[in-house]
Structure formats: C-alpha cells, structure tokens
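Okay, here's what each chain looks like letter by letter:
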Number of protein chains: 4
Amino acid sequence: LHVTAETANLVLALRVGGAEVALCAANPYTAQPDVAAALGDGVHVGDYAKGIATVAAWGPDVVLDDGAELIAATHERLRGATEETRSGLVHVRSLDLGCPVLAVNEATAERALNDRFGTGQSALDGIVRATHMLLAGQTIVVLGYGWTGRGIALRARGAGASVVVCEVDPLRALVARMEGFDVLPAAVAAERGDVFITVTGSRDVLRREHFDRMKDGAVLANAGHFDVEISLPDLGDAATEVLPLVQSFEQPDGRRLNLLARGQVVNLAAAQGHPAGVMDVSFALQALSAEWLVREEVPAGVQPVPPAIDAEVARLKLEALGVDIDTMTPDQEAYLNRWR
Amino acid sequence: LHVTAETANLVLALRVGGAEVALCAANPYTAQPDVAAALGDGVHVGDYAKGIATVAAWGPDVVLDDGAELIAATHERLRGATEETRSGLVHVRSLDLGCPVLAVNEATAERALNDRFGTGQSALDGIVRATHMLLAGQTIVVLGYGWTGRGIALRARGAGASVVVCEVDPLRALVARMEGFDVLPAAVAAERGDVFITVTGSRDVLRREHFDRMKDGAVLANAGHFDVEISLPDLGDAATEVLPLVQSFEQPDGRRLNLLARGQVVNLAAAQGHPAGVMDVSFALQALSAEWLVREEVPAGVQPVPPAIDAEVARLKLEALGVDIDTMTPDQEAYLNRWR
Amino acid sequence: LHVTAETANLVLALRVGGAEVALCAANPYTAQPDVAAALGDGVHVGDYAKGIATVAAWGPDVVLDDGAELIAATHERLRGATEETRSGLVHVRSLDLGCPVLAVNEATAERALNDRFGTGQSALDGIVRATHMLLAGQTIVVLGYGWTGRGIALRARGAGASVVVCEVDPLRALVARMEGFDVLPAAVAAERGDVFITVTGSRDVLRREHFDRMKDGAVLANAGHFDVEISLPDLGDAATEVLPLVQSFEQPDGRRLNLLARGQVVNLAAAQGHPAGVMDVSFALQALSAEWLVREEVPAGVQPVPPAIDAEVARLKLEALGVDIDTMTPDQEAYLNRWR
Amino acid sequence: LHVTAETANLVLALRVGGAEVALCAANPYTAQPDVAAALGDGVHVGDYAKGIATVAAWGPDVVLDDGAELIAATHERLRGATEETRSGLVHVRSLDLGCPVLAVNEATAERALNDRFGTGQSALDGIVRATHMLLAGQTIVVLGYGWTGRGIALRARGAGASVVVCEVDPLRALVARMEGFDVLPAAVAAERGDVFITVTGSRDVLRREHFDRMKDGAVLANAGHFDVEISLPDLGDAATEVLPLVQSFEQPDGRRLNLLARGQVVNLAAAQGHPAGVMDVSFALQALSAEWLVREEVPAGVQPVPPAIDAEVARLKLEALGVDIDTMTPDQEAYLNRWR
C-alpha cells in the first residue's frame, strides 16, 4: 500500500486484531519515511521490486494490495487477498487465481463515498492550490460523469461555478442533465469553459480539436487515474512554467492554455489526495475483509466484498460521525419480507 | 394501465408501430372519459374485473401491465409482457410463468429518473397545493432514503427547507449524511420537524411514539405506494377537516397534527402525479420492450429490460431535451477495451 | 386590501389591538365572499369606487393601503397610513401629503422575504400547475435579477433546472454570475431556453427578436407586476388554447410558443400567489406600523418603516418558526460600540 | 498596501495611467521581496514606521490606504485618499479630515463580492489545508451571518456539510433560516457542531460555556478580522501542536478541542487569503477612485465610492469573465422613468 499516515492506522488496527504485518510501498516515491520509522519492523519503503520480493518471501497469509503486484507474486500460497484499485482488479481477473480476492474497489461504501466525496473535494482543492483561482463565477467543464465526475461536478457547483458536463454514455448524460447540469459535446463545451477537468478513464479526451476552440487562459486539469486524458502532444511544446504546477502552452494563434501538474491526477499532484475522512472507509473495508478471509472458507476467484461488511463499515462510519439511526421493528421486518 | 393523456400517447405510438391495441383501466376511478373516447374502440374503462376479462378474452400477444392482474390471467398464452410496478413484479415472481416478463420497474432509466425526479417534484407539489405552505424556512423530515426519498430530500432542500433524513439502512444513511443532510432517529426528528414525508415502503413508520413528540401544527404526508406508512389508528379519531385535503387530529394534550390526503400517496392525491416529462421515459421503455418481445425469442420468466433499450430510451430523451452528446473515437474504444 | 383569509387575520389582529376596522376590497374580483361574511360589519366587497367612498366617508384615523387609492382620498384627514405596493408609493410620492405614509413595501423584512421567497416559490408553482411540466432537466431563463428574480432563479436551480439569467444592470449581473448562473444577453438566451420568466419591472423584455430565435415549444411566463413584460403584439395572433392557462402562438415558420396566463403575473394567475408564510410578515409590518402611527407623532410625508419594527417582525417570525437566537452580552455590546 | 503580486498589478495600472507611485508595506512581514524588487524604485518594504514616514515625506497627491496610517499622516496635504478596511474607516471618521476619503470598503462591488465569495472560499480552503478534513458529512457551525458569514455558510453547504448558523440580529437570522440553514443559539449549536467558524466582528463569541458542551475533537477556526472571537483564555493552556497549524486543547474532562492558526483569521493564516479573482475588483475600485479624485473636485470627509464607479468595475469584471449583457432600449428607459 501507500506508506502514509492513513495506512499506518490500518497497520495498527490489524496488529490490534492479532495480525503480524509486513508492509511494502505501492509507490516508493510517495512513501513517508517518518511513517515507516514509526511503524517499526517489517516495513519496506526502498526499492519497489525488492520490497515486493521481500514481503512475498516473508510468506503472508493475506495480502491487502493496491495494484495487484504482490497478489500476482503470491496468490498460489495465500488464504486470500483484497485489491483496492480498478486496474489491479483487471490484472487479477486475468490470472488463474489460487485464492479468493475481494474486490474492495467495487464495494458500495467505497464507490459511493471515496470517488464521489474524496476526489470531488480534493480535485478542486488541487486546482485552487495550483492556481489561486476563485471558483465562483467560472465555467467549469467536467468531462466524464462516473462517480468521480459526479463528485467534482457537485463540488464545483457548490463552489459557485457554472458547470458543464461532457459524457458519452446516454444514461449518465441524462442523469447529469436531470441533475441540472448543462450537457454538451466537448467541442461546444471547449468554447464555453474556463476550467476543464477530465475524469473519464479514457484517453485523449481533450485534444487538438478542443484546444483549437478554447479561450485564452483556459485551465486544464486531469482527475482520472492516468495522465493520458489530456493529449500532451496536441498541446504543443512551447510551455512556460508560470507557477510551480502550471505550464502555459502558447498556441499558434497566441492563446495560452494552462496545464496543471503535467496532466497527472490533480488531487494527488497538487493537493493531498483523498482526505482522511474517506480513507478510513477504504481501510475499514480492507481490515474487515481480511478478517473475513481468515474466518471463513472463501472459494478462489474475484469475489465481492460481502454486503454485511459494506453495511458494517457504513455503520461504523456513522458512529464515528456521531450519527445514530433506527432499526426496523419486528412488524416492519415481517411486512417487508412479504415483498422479498 | 391508467387511462390518462400520457397512456394515450403510448397507445398511439404502439398503433403507429403496427399494433392493434386494447386497453383496460388499471384503476377505473382515475380513468379519464375524454381520453377513453378519443382513443376509440378497444378501450374498457368501466368495471375493473370485466375490463380485464374482456381484454384477456380478446387474446393479446403482448401485455403491458401495471399491477400484473392481466398478466396473471393471460401469461400462458402470451408472447411476452412488461410490468411497471414493484408490487406487480412480486406477484409475477410468485407465478410459474409461461412467458417472459420484462421488469420495466427495475430499468435504470426508470429507477433513476421517475422515482427521483418525478416523485421528488410532485410530492412537494402536492404538499404545497394541499396546505398553501411556504417551504423555505421549514424543517422537513424525509423518512426513507431510497431513490424516491433522495428525490424528495433534494427538492425540499432546493425549495429552501432544512432537511432531516431518517433511514434504517446504514449505507443509505451514510450517503444521506455525506450529501449534507442531518440524519437522525425518527424519535429525535419528530421533535424537530415541521413537515414529515414517509417514503420507506414499510409500515407504521410514524406512530404513537413519534406523534407524542411532534410540534403543534406538524404536517404529515405519505409519498410511499401504500397508505400504511403513517399509523392512522395511532393518530386518534378526533379529526377535523381544516382544508379539503387536510385533516387535523387533536392529540390528548391539545396539539394538532395535520394529515394530508388521509395518508394516501400525496403526489397523486393532492397533485397530478408524475409529470409528463418522466412518464415519457416509462412509456418509451414499455413500447421498446414490447417491440423487443415481438422481434426476439425471449425465454420465460422475469427478465431485465435489455441495457441497449435502457440506453436507447436515454438517448431519445436527451434528443427530446435538445441535448447532443459525443461518441467515443475508435482509439478510445480500443483503449477502454483493454480494461474490460 | 385584498379580501382574503390572510387579510382576515390582519383585521382580527387589529380588532384585538382595540381598533375599529372597515375594509374595502383593493380588487373586488378577487374578494372572497365567505371571508367578507365571516368578518361581519364594515366590510365592503362590491363596487370598487363605492367601497372606497364608503370607507373614506366613515372617517378612518389610519389607512393600510394596497394601491394608494384610499390614501389619495383621505390623507388630509388621517393620522397616518401605510402603503404596500411599489406603484402605490409612486402615486403617494406625487401627492402633497397631509400625513405620514410608511413605506411597508420598502421594509427590509418585506423586500428580502416576500419577493425572494414568496414569489420564488409561487411563480414556479404556477408554471407547474399550468403545464404539468417536469422542471428538472429544463433550461430556465430568468429575465431580471432583482429580489424576485433571485428568488425564482434560486428555486428553479433547486428544482433541477439549468438556469440562465439576463440582466441589464452590471452589478446585479455580476452577482448572478458569482452565484453560479449563466449570464447571457436575451437574444443568446432565447436560443437556449425551454422556459422564460420575465421579472424586470420593464416592458417588452421578450419581443420579436427573441421570439424569432426560440425553440419550438418554448414556454413564456411573466412574474412581474404588470402584463407588459412579454410583448403580446409581437407574439402574433394565431393563438390556440392548448390547456386552460396555456395559449400556443404559431410563428410564421411553424414553431409554437406557449404563453401562460396571457402574460399576467403567473403566481397569481396560475397558483395561489404568496404563501401564507410570507403574507404574515407583510401584515405584521402593517399592523405594527399602524400601532406606531397611533402612538408616535410622525411627520407628514413618505417615511421608512422604523428599523425596530423591521427587527421586531423578524423576531416574531423566528418565534413562529420555533427558532431561538442569542442576544449579545454586555461586553460584546461595549466592544462593538467602539466601531460605531 | 500589502506588497503582493495583486498589488503589483495595481501599481502597474496606476503607472500606465500616468501616475508616479510610491509604495510602503501595510504589513512588512507579509511583503514579498521579489514583488518589491520587480516594481523597482519607490517601494519600501522594511521598517513599517520608516516606510510610512518616507512615503509621507515624498509628498503624494493621492493615497490608497489599507489601515489609514498613511492617511492620518498626510490628509491635510492630500487631494484625496481611499481606504480599504473597515477599521481604517473607523479611524478616518474620527479625524478632522482635510481631504475626501472614498470608502472603498463600503462599495457595493466590494461588499457583495470580496467578503462573500473571497472569504467564503478561502476560509474553508484554510480549514482543509490545516486539517486535511473531508467537509462532506460534517456539521459546520457558522457564527455570524453578515456578508462573510453568508459566503462561508454557502460554501460549506456546497462542500456537502450540514450547516448551522448562529446570529444575534433577528433580520439576519431570519434570512439564514429562509435560506435553509438551521439557526440555533450558540450553546445548542455547540453540542451539534464538528467545526466552528466565527465571523461576527465581535469578541468572545465562543467561550467557556460553549467549550463545555462541544464534542471531543471539535475544530475551532476564526474568519473574522481580529483574533478575539474565540476566547483563548477560556480554552485553557494545555495545548499540544498536533499539526503545524492545529493546537489541541485538552479540557478538564479529557475532551480535546482543536484550534486552528491560534484563532487568527484562517483564510490568511492557513491559506492564501483572497483569490486574485476578487482582489481585482478591490483594486479596480481603488484605481478608478484615485482617477476620480484627481479629475473631480470632491469635498473633504468620508465619501461613498460613486455608484458609476461601482457599476463600471462590475462591467469590467463581467468583461474579464467573458460575460456579455444587454442594455435597455430607449422605450424601456422611458417606461422605467415613469416610476422614478
């Protein structure tokens, strides 16, 4: 996993639950040395391949993974694993798995909360930190209306922007429209926007045909996982760094387009990524999934996180927020069972 | 189906498509005689059982149903059917079906749009028409945070109310909280609310223990399908009709609680039900599902509406709204297929 | 005043305060006979001029007026008066007044609440009742961004519409933009809108040049005081009544534009006007202003409602809503006085 | 003024307009040396008193001030001045002025935009940067509902928080309630809030009686001008610095309250203050006011910024945002003049 303060809390929780824990960094460049030091033995933050090899050799029973590299190296000897990323699950699904892998990335609590609320807040936070921009009064174009796009669109509106959505899937586009957003083809939105945020999972979402129509001074940011959503070749190479995270690309007709963080995911590159208040949900899903893998006999293959764990994590999060809810009466249970 | 202007448009569309159509009223009391007259032959709006018997005897190939009574009478002789209500689907699932039944009620376009946007608007509309109330400044308690509850909560906030949500499911309760609503047990919300709207699908959601804590003058409305969500026996019997759709129940301590429309679904009883702008989506799903049942060989049993029909209806609705969207480039298709 | 249930409550309050009250109808056509009957003696709802003459002859000390006709007839013999309408104040200001007239229409509580929240809700209510339209997913153009325009724009967004504002005053236009609305010239908005609502106080705000650019099926409504904001001559005369309050005007190129309520103020013509929850604020201002005129020696001429009455009405309204607020501590008073 | 990049743009604009400019730092600690260097001669960023004395001795015709110290030293010899702060205006109003001073702080464009949108965004930005907190799902208590409080409340709701407002003025409290916020006495809000933001202009708004009722882990921030709104003595002295800008105060019963930035104005202390997109409005008001003071003969004393300058700045800002608006037709002018 990423070696951060949030991960450290997961490690501590697993230790309290009776586990021995070894940790190697999913990304050695973002590993925080003080966190590694505080966790003590079993933490490997240096060379990536070496860390994975060391932990694999250590012989874990359960692996909690972010990217599936360690799962790939160990699944034949594991009791089970969990995988947190979409791309990791694609990898895992291509394997002939020797153990169960719980798809934490697809849990309801994870999809509904982390993507929408975590990235929704932090992507805009990254844009403000990079540019010192007032969001109110801007026209912000959000390209992609999956969970993350919805979160960004909602927060952009909440910050006083006029929001335009571009989306190729008609059901998602219709929901965006019914939720009050302008929905436009990207080439039309290109003329209207002050800020563009890509979050489609696709590539070249903004390209030459869009750059040609944008206003002078337009800001381009990517909140999707990979830095392929904004076509860098089409932006040209006449870039000036006007602020630490802002490159200005002069276009042939003199307009300047401002790219943030070289097109890398803006909430990580220009802000602090997911707030702790959503990472706790992810890591609670990981920890309870690990416990479940140990307690139960789960068949090999990619499996959903059990709904009861999803619900339990939601319940724990409500408790942490100080929110109390009712339970159904027996009469209500009986009534509803007639419909099931 | 219900014999209304919207249904008439569906009948006309089916006729244009080449069908012969017979129509009997799902609810003879709400049938509009001028609509029946305008549609001409084959429309039966009088006695309910007789209408069903007549249409069943007529020998349809495909049935579009609202409540599953006609499906129950004919499924062994049908090519296929569609069912629009949740309770109808429960009935259908208990049968040993002789034909396919498409679950229009569970289509994505239907769930996301009709329940959330149709009932969201019309339930509040019913409350305003019944009470002539200013919604701004009120505390509105929404009990139940399914699609319909979300729609009502969103519209209530949009009307200037402070909104409290009560929900027994922790995942839904957590989403409500993350969407900025106060989430409280019903007994606590009872003390805070000015207006209460039940939309849980359950029974006795508001009962004696809640009535005892409510403010003098509180307004009670139900937006769930059945009139069992507010316990009428617990309200007492000292009711005065203070406005045509408002009964005031004096409580033992003198407080008065105002029940709208006798606890029946408020958007139908006090307003005009779903706006035409969401019925078109339902009926487009029905019509395209009927065509699909005729064109394809579909196995018997309850089946989902095919995703392609869901998407096509969304596309048609966007077109009707004048909204144009992009399609993916071949490069983008290829890129995304690597992840599928 | 208008002879309605809300006015009846004002009359009863004045009587409880010790006044003798005579009432003649500001508009005899909207006078409710049962209200007049319930109030008993001194209520004149028949011929307009005769009602005014009768009440003037009766010899009131204080007049609460809506339109200033009675003030014009009696001001030389009055102790004082209040005037509720903008047009009435224009009339009053042209007189050589023999008594004080309090400008209730310009009180803070009145301007901020009635126009924004009362008309905001009821104008959209009128449009939905007249058309049975789903507001979510529509593009609604609000022409004019005074208090009423702000209220309508806010409620339209809250109902799920995408909202465009047209405004000629740059300060108001800038505020609209910073509040997240698209701000456009009317000729550009004409091409984008599904619904147009005029609320400028000006005339011919929508005219031939705009009608020429609108979509087929566009809906036109006026929420301003007078029916001059939409140019009826420019709409043409080929009108069909497609619903009781909807006239469809076919344009030379075949497009149809749907005018609501013949361009009269839509919240009165198609709905019930201001909800009771804002009329109470207006009438509390009237009642307390009347009391103040009796207790104090107020110089002749148009005067503002005293700020203490504004604040007292706000306090009473909060109390009615069950909202409790703090007062400053003596230390805080002392601290703030250093800045005054 | 503050020696920042935004001020540098003002200086350049004044030079382009033909002025000779000397600049001394309103706050030498925040002065940016590279900005001072880039502006060249006439910029004094070292010792505060010395800078003022040097510029006063230089003999300006017009002073643009932030705090009124330079006005106090020079007003008898000036053609005119502008003052940007509320506290500066209090100072200026206590002087026997020898020149006109334009109250830029009280201009419409300044009040409506800077306070509401600038501080609204940047105060929450400061809180997120200091705490890495997810705002969605939090209960945020805003104490004070002036322009700045409105901005913060609006942005907090837009970020997914449930917002409670505390306000002692009943008119403001009523507006907050009608805008959909919970309005509570501070002692009640103290039990409900996760985050508290003071913005009243008063002192000891949060004090012992409130700290006693708060939840463990509550966050306290001040967005008012002075650091007196949160009573530091009442917080106790057992503070631990848990993050660079977060001090945790342990209460006698073990609860910990987290104070941000030692109670100093959080948008400056933890973020970058007003975004450039609102400073441009302030500085355009300053520049056009300076020009007006030179062109016109303005009487001595504190004067409002002329409405035409307010409107012109709004127009320029709309132009900068790419927003085009209509002007009235001569017929409309004539029509409206009948009401004036």
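Throughout what follows, the structure given in this document is the object of discussion. (Residues numbered from 1 in each chain as written. Chains lettered and ligands numbered in written order. Predicted model: local features only at pLDDT ≥ 70, side-chain atom pairs only at ≥ 80, totals over all residues. Heavy atoms only, no water.)

## Section: the pattern of salt bridges
Reasoning step 1: Throughout the structure, instances matching the rule amount to 76 salt bridges over all chains.
Reasoning step 2: Taking the shortest distance from any N to any O, the salt bridge between Asp182 of chain B and Arg192 of chain B comes out at 2.9 Å. With Asp182 of chain B in strand S8 (residues 182–183) and Arg192 of chain B in helix H9 (residues 186–192), this residue pair connects regions lying 10 residues apart in the sequence.
Reasoning step 3: Note that Lys215 of chain C and Asp194 of chain C form a salt bridge whose closest N and O atoms lie 3.0 Å from each other. Residue Lys215 of chain C is found in the loop between helix H10 (208–211) and strand S10 (219–222), and its partner Asp194 of chain C is found in the loop between helix H9 (186–192) and strand S9 (195–198); the two are separated by 21 residues along the sequence.
Reasoning step 4: Taking the relative accessible area as the measure of exposure, Lys215 of chain C reaches 27% and is therefore partly exposed.
Reasoning step 5: The buried category is assigned to Asp194 of chain C, whose relative accessible area is 13%. (Salt bridge = Lys/Arg side-chain N within 4 Å of Asp/Glu carboxyl O. Helix = DSSP H or I, 4+ residues; strand = E, 2+ residues; numbered from the N terminus. Buried < 20%, exposed > 50% of the residue type's maximum accessible area, 1.4 Å probe, protein only.)

## Quick word on the sheet that holds strand S4 (residues 80–83) of chain C
All names here are of chain C.
Reasoning step 1: The strand order S3-S4-S5-S14 describes an open sheet built from 4 strands, whose pairing is parallel. Each edge of the sheet is formed by a strand with only one pairing partner; in this case those strands are strand S3 (62–65) and strand S14 (301–303). The average undirected angle you get between the axes of adjacent strands in this sheet is 20 degrees.
Reasoning step 2: Examined bridge by bridge, strand S5 (residues 100–103) and S14 share 3 bridges and lie parallel to one another. Paired with Leu102 across the two strands is Gln303, which belongs to S14.
Reasoning step 3: Contacts between helix H5 (residues 86–93) and the sheet are confined to S4, S5 and S14, with S14 contributing the most and set at about 145 degrees to the helix.
Reasoning step 4: Against the sheet, helix H13 (residues 276–295) engages S3, S4 and S5, with an angle of about 155 degrees to S3. (Pairing = 2+ DSSP bridges. Axes fitted to C-alpha atoms, helices over the stretch in contact; angles between N-to-C directions. Contact = heavy atoms within 4.5 Å.)

## Remarks on the interface of chain A and chain B
Reasoning step 1: Chain A puts 51 residues into the contact, and the matching count from chain B is 51 residues.
Reasoning step 2: In this structure, the salt-bridge partner of Arg116 of chain B is Glu179 of chain A, at a minimum N-O distance of 2.6 Å.
Reasoning step 3: Taken together, the connections running from chain A to chain B amount to 7 residue pairs in polar contact (both at pLDDT 80 or more).
Reasoning step 4: For the side of chain A that touches chain B, the secondary structure elements donating two or more residues are helix H5 (86–93), helix H6 (108–131), helix H8 (170–178), helix H14 (307–320) and helix H15 (330–337) of chain A.
Reasoning step 5: A per-element tally of the side of chain A that touches chain B places H8 of chain A first, with 7 residues.
Reasoning step 6: Its residues assigned to classes, the side of chain A that touches chain B comprises 29 nonpolar, 7 polar and 15 charged. (Polar contact = N/O pair within 3.5 Å; in protein donor to acceptor, adjacent residues only side chain to side chain. Nonpolar A, V, L, I, M, F, W, Y, C, P; charged D, E, K, R; others polar.)

## Considering the sheet that holds strand S4 (residues 80–83) of chain D
Residues and elements named next belong to chain D.
Reasoning step 1: The 4 strands lie next to each other as S3-S4-S5-S14, forming an open sheet whose pairing is parallel. The sheet is open, and its two edges are formed by strand S3 (62–65) and strand S14 (301–303), each paired on a single side. Pairs of neighbouring strands in the sheet enclose a mean axial angle of 20 degrees, with direction left out of account.
Reasoning step 2: In this sheet, S4 lies alongside S3 in parallel orientation, the contact comprising 4 bridges. The partner of Leu64 across the bridge, within S4, is Thr82.
Reasoning step 3: Against the sheet, helix H13 (residues 276–295) touches S3, S4 and strand S5 (100–103), its axis set at about 155 degrees to S3.

## Some details on the relation of the copies chain A and chain B
Reasoning step 1: Least-squares fitting of chain A to chain B yields an RMSD of 0.1 Å, with the superposition described by an axial translation of 0.1 Å and a rotation of 180 degrees. The symmetry that links the two subunits is that of a two-fold axis.
Reasoning step 2: An overlap of 100% is found between the interface residues of chain A and their copies at the interface of chain B, pointing to a shared contact surface. (Least-squares fit on C-alpha atoms with pLDDT ≥ 70 in both.)

## Details of the interface of chain C and chain D
Reasoning step 1: With 51 residues of chain C at the contact, the number on the chain D side is 51 residues.
Reasoning step 2: Taken together, both faces of the contact between chain C and chain D bury some 4500 Å²; the carbon and sulfur share is 73%.
Reasoning step 3: Applying the counting rule to chain C against chain D returns 2 salt bridges.
Reasoning step 4: Counting across the interface, chain C meets chain D through 8 residue pairs in polar contact (both at pLDDT 80 or more).
Reasoning step 5: When residues of the side of chain C that touches chain D are assigned to their parent elements, the largest contribution, 7 residues, is made by helix H8 (residues 170–178) of chain C.
Reasoning step 6: Classifying every residue of the side of chain C that touches chain D by side-chain character gives 29 nonpolar, 7 polar and 15 charged. (Buried area = accessible area lost by both parts, 1.4 Å probe.)

## Concerning the packing of aromatic side chains
Reasoning step 1: Under the defined criterion, the tally for this structure stands at 4 aromatic pairs over all chains.
Reasoning step 2: Between the aromatic rings of Tyr145 of chain A and Phe181 of chain A, the centroid separation amounts to 6.0 Å while the plane-to-plane angle is 65 degrees, which identifies the pairing as edge-to-face. Of this pair, Tyr145 of chain A sits in the loop between strand S6 (139–143) and helix H7 (147–158) while Phe181 of chain A sits in the loop between H8 and strand S8 (182–183), and the two are 36 residues apart along the sequence. Of the two residues, Tyr145 of chain A and Phe181 of chain A, neither departs from the other in class, the shared state being buried.
Reasoning step 3: A cation over a ring is seen here: Arg150 of chain D above Trp147 of chain D, with NZ or CZ 5.3 Å from the ring centre. (Phe/Tyr/Trp six-rings, centres within 6.5 Å; stacked < 30°, edge-to-face > 60°. Lys NZ or Arg CZ within 6 Å of the ring centre and 35° of its normal.)

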